[in-house]
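# Observations on chain architecture
These are the residues of each chain, in order.
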Amino acid sequence: QVQLVESGGGLVQAGGSLRLSCAASGRIFGINDMGWYRQAPGKQRELVAAITSGGRTNYADSVKGRFTISRDNAKSTVYLQMNSLKPEDTAVYYCNAGIMKDYTPVYFPYWGQGTQVTVSS
């Protein structure tokens, strides 16, 4: 059973920082892309940042220059360093990963349970 477990959310004042972590565990033969999404109340889930297995990154325009995504392949973990947080960053943050569960070269998408990030003004 593959699981993604997130940690690091919480309440922070505007201008502050938080670091999210997401660790994959279980029967894992490989992981390709990993990413962070967020969903604010009444809005659709949106991509925040993504990183390939080779380390290439992609960011939403709204977080460029403030957020940094990274990964530790040895630990099957992806991180999101969030600086200069704004009230509009308030949302539930979900991690996502494409995971190969056996020797068949097919990657299945998995999601974490979500972690709340609240930024007060």
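Nothing here was measured: the structure is a model prediction, and the numbers come from that model.

## Overview of the overall build of the protein
Along its length, the protein carries 0 helices and 11 strands. Of the regular secondary structure in the protein, the N- to C-terminal order runs β-β-β-β-β-β-β-β-β-β-β. In summary, the protein has a C-alpha radius of gyration of 14 Å against a globular reference of 14 Å for 121 residues, a match within 12%. Dimensions along the principal axes, computed over C-alpha positions, put the protein at roughly 50 × 25 × 25 Å. Looking at the 121 residues of the protein, the share that counts as buried comes to 42%. Of all intrachain contacts in the protein linking residues separated by at least 6 positions in sequence, the fraction that spans at least 24 positions is 56%. Carbon and sulfur atoms provide 48% of the accessible area of the protein, an area that totals close to 6,600 Å². Between the centroid of the 12 positive side chains of the protein and the centroid of its 8 negative side chains there is a distance of 2 Å.

## Let's talk about the sheet that holds strand E1 (residues 3-7)
Spatially, E1-E3-E8-E7 is the arrangement adopted by the 4 strands of the open sheet, whose pairing is antiparallel. Only two strands of the sheet have a single partner each, and these edge strands are E1 and strand E7 (67-72). For this sheet the average axis-to-axis angle between neighbouring strands, irrespective of direction, equals 15°. With 5 bridges joining them, E1 and strand E3 (residues 18-25) adopt antiparallel strand pairing. Directly across from leucine 4, in E3, lies its bridge partner alanine 24.

## A word on the environment of threonine 104
Locating threonine 104 in the fold gives a position in the loop between strand E9 (91-100) and strand E10 (108-111). Separated by 75 residues in the primary sequence, threonine 104 and phenylalanine 29 place their C-alpha atoms 9.2 Å from one another.

About the cut-offs
Residues numbered from 1 in each chain as written. Predicted model: local features only at pLDDT ≥ 70, side-chain atom pairs only at ≥ 80, totals over all residues. Heavy atoms only, no water. Helix = DSSP H or I, 4+ residues; strand = E, 2+ residues; numbered from the N terminus. Rg over C-alpha atoms; globule rule 2.2 N^0.38 Å. Buried < 20%, exposed > 50% of the residue type's maximum accessible area, 1.4 Å probe, protein only. Contact = heavy atoms within 4.5 Å. Areas by Shrake-Rupley, 256 points an atom, 1.4 Å probe, with all protein chains shown as cover. Lys, Arg positive; Asp, Glu negative; His and termini not counted. Charge placed at Lys NZ, Arg CZ, Asp CG, Glu CD. Pairing = 2+ DSSP bridges. Axes fitted to C-alpha atoms, helices over the stretch in contact; angles between N-to-C directions.

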